[in-house]
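One-letter residues, chain by chain:
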Amino acid sequence: MGVADRLDLTLRLVQGSADRTSVSDLARRLSVSEMTVRRDLDALERQGLVRRVHGGAVATRTRAEEAGFSARDAWQTATKDRLGAAVAALVEPGSRVLLDAGTTTVHVAEHLAARAPLTVAVLSLQAAVRLADLPGVELLVVGGRSRAGERSLVGPLALRTLESLAFDTFVMSIGGVHAEHGWSEFSLEDAAVKQAGLAQADRTVVVADATKLGVRAFSQVAPLRAADHFVTDRAATDAAAHPSGPSTLDALREAGVEVTTA
């Protein structure tokens, strides 16, 4: 796993914990040495995103909420753009699409113009900016509260809006995908919005980079079989880089989920 990948996932694991995250637990979940984890935590602390404590780290909530999306958005840009193009290619012109929040789905938004005409409802302020004024795209911004730092739309208003709409395709981002525990998220609020999106869509395409495979985040969203298609990068097939990658992909296929690597 590359440095940027590890920093991304380490930050999300620390932020998703209600308490201190230990160095030993991070090393186990990331399949790296404790020395590597300590170096990565030092790097995140220098950015003000975590605070080192004895044996581990805790999220510096204010700074992390302010910089979470911005920090991750700069990581793995080429990979996310490739994934965005692959997901957009699965969207049928003329369809109604619900686009989830997340750094990868912003790249999906940038490629959706080529699939117009479309009606696209977004759960991300960043995606709304990318889609605003594009010819052939009717943009709907789902109401709700903007979660600080993430720019995702969550809360009761977002849930009520989703319950009143129907979609052909839900493009869902995800924090973790695990062979036994299914799709999961680091935030309870984000998980609730994703569950509503799953219920209102005829088809769900999940997109995530390979670092999310084998990860069990804080809040379960749904079992693997709830999705129809999963798009990830080719590194997921490399057991040396991502030990849980190939087995997780096998579990997805066994659950009836079509897998695309881009």
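Residues numbered from 1 in each chain as written. Predicted model: local features only at pLDDT ≥ 70, side-chain atom pairs only at ≥ 80, totals over all residues. Heavy atoms only, no water.

A. Quick peek at the overall build of the protein. Broken down by element type, the protein carries 10 helices and 15 strands. For the C-alpha atoms alone, the extent of the protein along its principal axes is close to 55 × 40 × 30 Å. In the protein, buried positions account for 53% of the 262 residues. With an accessible surface of roughly 10,800 Å², the protein has 49% of that area assigned to carbon and sulfur atoms. Charged side chains of the protein number 29 positive and 32 negative; the gap between the two group centres comes to 5 Å. (Helix = DSSP H or I, 4+ residues; strand = E, 2+ residues; numbered from the N terminus. Buried < 20%, exposed > 50% of the residue type's maximum accessible area, 1.4 Å probe, protein only. Areas by Shrake-Rupley, 256 points an atom, 1.4 Å probe, with all protein chains shown as cover. Lys, Arg positive; Asp, Glu negative; His and termini not counted. Charge placed at Lys NZ, Arg CZ, Asp CG, Glu CD.)

B. Representation of the sheet that holds strand β3 (residues 56-59). The 3 strands lie next to each other as β1-β3-β2, forming an open sheet whose pairing is antiparallel. Each edge of the sheet is formed by a strand with only one pairing partner; in this case those strands are β1 (21-22) and β2 (50-53). Judged from the 4 bridges that link them, β2 and β3 form a sheet pairing that is antiparallel. Directly across from Arg52, in β3, lies its bridge partner Ala57. Those strands touched by helix α3 (residues 34-46) are β2 and β3, and its axis lies near 130° from that of β2. (Pairing = 2+ DSSP bridges. Contact = heavy atoms within 4.5 Å. Axes fitted to C-alpha atoms, helices over the stretch in contact; angles between N-to-C directions.)

C. Fine view of the side chain of Ser22. Structurally, Ser22 can be placed in strand β1. You can call Ser22 buried: its relative accessible area is 16%. Only 3.2 Å separates the side chain of Ser22 from the side chain of Ser24, close enough to count as a polar contact. Here Ser22 is in contact with Gly55 and Gly56, once residues within four sequence places are set aside. (Polar contact = N/O pair within 3.5 Å; in protein donor to acceptor, adjacent residues only side chain to side chain.)

D. Geometry of α3. Along its 13 residues, α3 runs 18 Å from first to last C-alpha, staying within 8% of the 18 Å computed at 1.5 Å per residue. Taken together, the buried positions of α3 are Thr36, Val37, Asp40, Leu41, Ala43 and Leu44. Buried residues along α3 cover an arc of 155° about the axis, so they all sit on one side. Set apart from the buried face of α3 by more than 90 degrees, the exposed residues are Met35 and Arg46. Backbone geometry just downstream of α3 places Gly48 in the positive-phi region, at approximately 80°. (Expected span 1.5 Å × (residues − 1). Arc of directions from axis to C-beta.)

E. Local environment of the sheet that holds strand β10 (residues 176-178). Spatial strand order, β10-β11-β13: 3 strands in an open sheet with antiparallel pairing. The open sheet has two free edges, formed respectively by β10 and β13 (219-222), since each of these has just one partner strand. Strand-to-strand twist across the sheet, computed as the mean angle between neighbouring axes with direction ignored, equals 35°. Packing of helix α9 (residues 188-200) onto the sheet brings it into contact with β11 (182-185) and β13, and relative to β13 it is tilted by some 10°.

F. The arrangement of helix α2 (residues 23-30) in detail. Along α2, the positions that sit buried rather than exposed are Val23, Leu26, Ala27 and Leu30. When α2 is viewed along its axis, its buried side chains cluster within an angular range of 100° and face the same direction. Within two residues after α2, Ser31 carries a phi angle of roughly 60°, on the positive side.

G. Region of the structure containing the layout of surface pockets. One number sums up the size of the second largest pocket: a volume of about 300 Å³. Lining the second largest pocket we find 19 residues, and of these Arg29, Leu213, Gly214, Val215 and Ser244 sit closest to its centre. No other element matches the 3 residues that α2 contributes to the lining of the second largest pocket. Of the residues contributing to the lining of the second largest pocket, the split by class is 8 nonpolar, 8 polar and 3 charged. (1 Å grid on protein atoms, 1.4 Å probe; cavity = no way out; pocket = protein on both sides within 12 Å on 5 of 7 lines; lining within 4 Å. Points joined across faces, edges and corners; volume = space filled by probe spheres on them. Nonpolar A, V, L, I, M, F, W, Y, C, P; charged D, E, K, R; others polar.)

H. Region of the structure containing the confidence of the model for the protein. Residues with a pLDDT of 70 or more make up 90% of the protein, whose mean pLDDT is 88. Contacts from residues 62-67, a stretch scored under 50 in pLDDT, to residues over four places away or in other chains number 11 contacts. (pLDDT = per-residue confidence, 0-100.)

I. Main features of the pattern of salt bridges. Inspection of the entire model under this criterion finds 11 salt bridges. Asp25 is the partner of Arg28 in a salt bridge, and the nearest nitrogen-oxygen pair spans 2.5 Å. Remark: Asp25 and Arg28 occur in helix α2; sequence separation between them is 3 residues, near one turn of the helix. Look at the salt bridges and you will find they share partners, linking Asp100, Glu185 and Lys194 into a network. (Salt bridge = Lys/Arg side-chain N within 4 Å of Asp/Glu carboxyl O.)

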